[in-house]
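A closer look at the structure
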Amino acid sequence: MANDNKLQAIIGHCKEYGFIFQSSEIYDGLSAVYDYGQYGAELKKNIRDYWWRSMTQMQDNIVGIDAAIFMHPTVWKASGHVDNFSDPMIDNKDSQKRYRVDHLIEGYAETLEADAAAAIIKQMELLLEANDFAGLKSLIEDNKINCAISGTCNWTDVRQFNLMFSTEMGSVADEANVVYLRPETAQGIFVNFLNVQKTGRMKIPFGIAQTGKAFRNEIVARGFIFRMREFEQMEMQFFVKPGTQKEWYEYWKETRMKWHLSLGIGADKYKFHDHVKLAHYADMACDIEYDFPMGFKEVEGVHSRTDFDLKQHQQFSGKKLTYFDTDINQHYVPYVIETSIGLDRTVMMILSEAYVEEDLSTEEKQDSRVVLKFPPMLAPIKLAVLPLTKKDGLPELAKELINDCRSQFKCFYEEKDSIGKRYRRMDALGTPFCVTIDHQTKEDGTVTIRYRDSMQQERIALADVKKLVMEKIAMF
Ligand code: ATP
């Protein structure tokens, strides 16, 4: 399937099967904001849980917190977001449409041959690195890059545009009361660094993880849940002794890539992209890119943030944020390695990987199915229990099985339609195991278990179902 078609097919499937809806759809939607439906919410929660457990429970020295979305406004001064959290933008004078300069040029590069594309991207990166806005405008004009709406090359100058949303706290709307919706979760970790270190008696190196909403007024929001204005991040800040950041940066690059591969996704679907233009706080940074239907794009960032954030908060708050290292009898401000992954982008990655249209036609008849081949541990529903008929005590047996299993994992009961149709519906929801209860179950206590990916069926003891599913969905 062509990649563009695949993206459209995934969007349609997500809506039809209760995974993801456009926000406020009955009012024609709110751009780049999405709601998760009954199955999407389960999938997202399972991914969040897997990340959380991998990053906290499975580590000796990482703890999780849950900081507020609102923070003192000075936090964002100190972090550099008030002054620097902006992207170079350009407006087309005829259509009034605003573009992120890098997206405009990248979009144009995609229409070129590989060598020409690489050359223009290289030029763009050098200009971005030098903050050369006039040069960026010339690059756009010289290549006659047109606006997709007006079709003209009539551009304003390139300007910076801050991506933070602001609102007022309390009843008086003056400047002193302006608060921001956090554009990243990381700062909630930095300002709690000493609280956690002291109360948890944490010894460097150690990490603090958290998941939560972040908000960015993205100008060009596209690609379904790839780029949203309200989204969720899963971040971990790892505090290390100054001078050891290089080895920890490499460690976390490798560890995070291993996590991605543990999702059952092939190594060929990922690549590292090392940053040429480093953010103001970083001394090394890379993206982990996944091969989305729109091509290789960032799903996670690994950043060596130096001691920038803690030092800034120290300066702006007037509070000491140092650590006393008993091994060397010295106080210092730790360096930080950050791993930052978008939960929604991960949902999209898992959906892109799982979505398969299979042709099952035989010589006798045409047939096909859409199946979501989620890793069982992430599937919204783990087990569907399907009585063959609605009578003869079969529903009761099915419900008994569900009651036995539901404290451990999510089950689904369905008695309508033919078994074949019910299987297909479970395929479309990504349910890895279906169990059919039939008359033989009453006689010998066995059921038919059907495996989603292979569509193989076998008879097993009813009493063994729970154990089998538990083994297959175990995260670790
Ligand atoms: P991009 O270059 O795609 O805008 P970024 O480099 O600004 O992303 P970071 O600030 O490093 O992103 O944020 C960490 C992660 O948060 C990203 O890797 C991505 O998965 C996620 N993320 C960032 N912005 C968005 C967004 N607007 N919508 C959904 N996820 C996002």
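Our subject is the structure that appears above.
Thresholds, definitions, all that
- Residues numbered from 1 in each chain as written.
- Predicted model: local features only at pLDDT ≥ 70, side-chain atom pairs only at ≥ 80, totals over all residues.
- Heavy atoms only, no water.
- Near = heavy atom within 4 Å.
- Areas by Shrake-Rupley, 256 points an atom, 1.4 Å probe, with all protein chains shown as cover.
- Helix = DSSP H or I, 4+ residues; strand = E, 2+ residues; numbered from the N terminus.
- Nonpolar A, V, L, I, M, F, W, Y, C, P; charged D, E, K, R; others polar.
- Salt bridge = Lys/Arg side-chain N within 4 Å of Asp/Glu carboxyl O.
- Pairing = 2+ DSSP bridges.
- Axes fitted to C-alpha atoms, helices over the stretch in contact; angles between N-to-C directions.
- Contact = heavy atoms within 4.5 Å.
- Core = buried A, V, L, I, M, F, W, Y, C linked by side-chain atoms within 4.5 Å.
- Buried < 20%, exposed > 50% of the residue type's maximum accessible area, 1.4 Å probe, protein only.

Turning next to the site of the ligand. Near the ligand lie 16 residues; those nearest to it are Glu-218, Arg-227, Met-228, Glu-298 and Val-299. If the ligand stood free it would expose 590 Å²; the protein chains cover 86% of that surface. At the level of secondary structure, the elements contributing two or more residues to the shell around the ligand comprise β10 (230–240), β13 (295–306) and β16 (335–342). The biggest single contributor to the shell around the ligand is β13, with five residues. Of the residues in the shell around the ligand, the class split is four nonpolar, five polar and seven charged.

Before going further, it helps to spend a moment on the pattern of salt bridges. For the coordinates displayed, the defined rule picks out 34 salt bridges. For the salt bridge of Glu-230 with Lys-213, the shortest nitrogen-to-oxygen distance reads 2.6 Å. Within this pair, whereas Glu-230 is found in strand β10, its partner Lys-213 is found in strand β9 (residues 206–215), the two being separated by 17 residues in sequence. Connected via shared salt-bridge partners are Asp-87, Arg-100, Asp-102, Glu-218 and Arg-227.

An order of β20-β19-β21-β22-β23 is seen for the five strands of this open sheet, with the pairing classed as mixed. Across the chains shown, the open sheet's two edge strands, defined by having one partner strand only, are β20 (411–413) and β23 (457–461). On average, each strand axis in the sheet is inclined to that of its neighbour by 30 degrees, with strand direction left out of account. Where strand β19 (residues 383–387) lies against strand β21 (residues 433–437), five bridges are found, and the strand directions are parallel. The residue of β21 that forms the bridge with Pro-387 is Ile-437. Strand contacts of helix α16 (residues 465–473): β19, β21, β22 (446–451) and β23, with the helix running at about 175 degrees to β21, the strand carrying the most contacts.

Counting residues in hydrophobic clusters, the biggest one holds 67 residues, and the most contacted among them are Ile-20 and Leu-263. Setting aside residues no more than four positions away along its own chain, Ile-20 makes contact with Cys-14, Lys-15, Tyr-34, Asp-35, Tyr-36, Gly-37, Phe-224, Ile-225, Val-347 and Leu-351. Counting 21 residues, the second largest nonpolar core, distinct from the first, contains Leu-397, Ala-398, Ile-402 and Phe-433.

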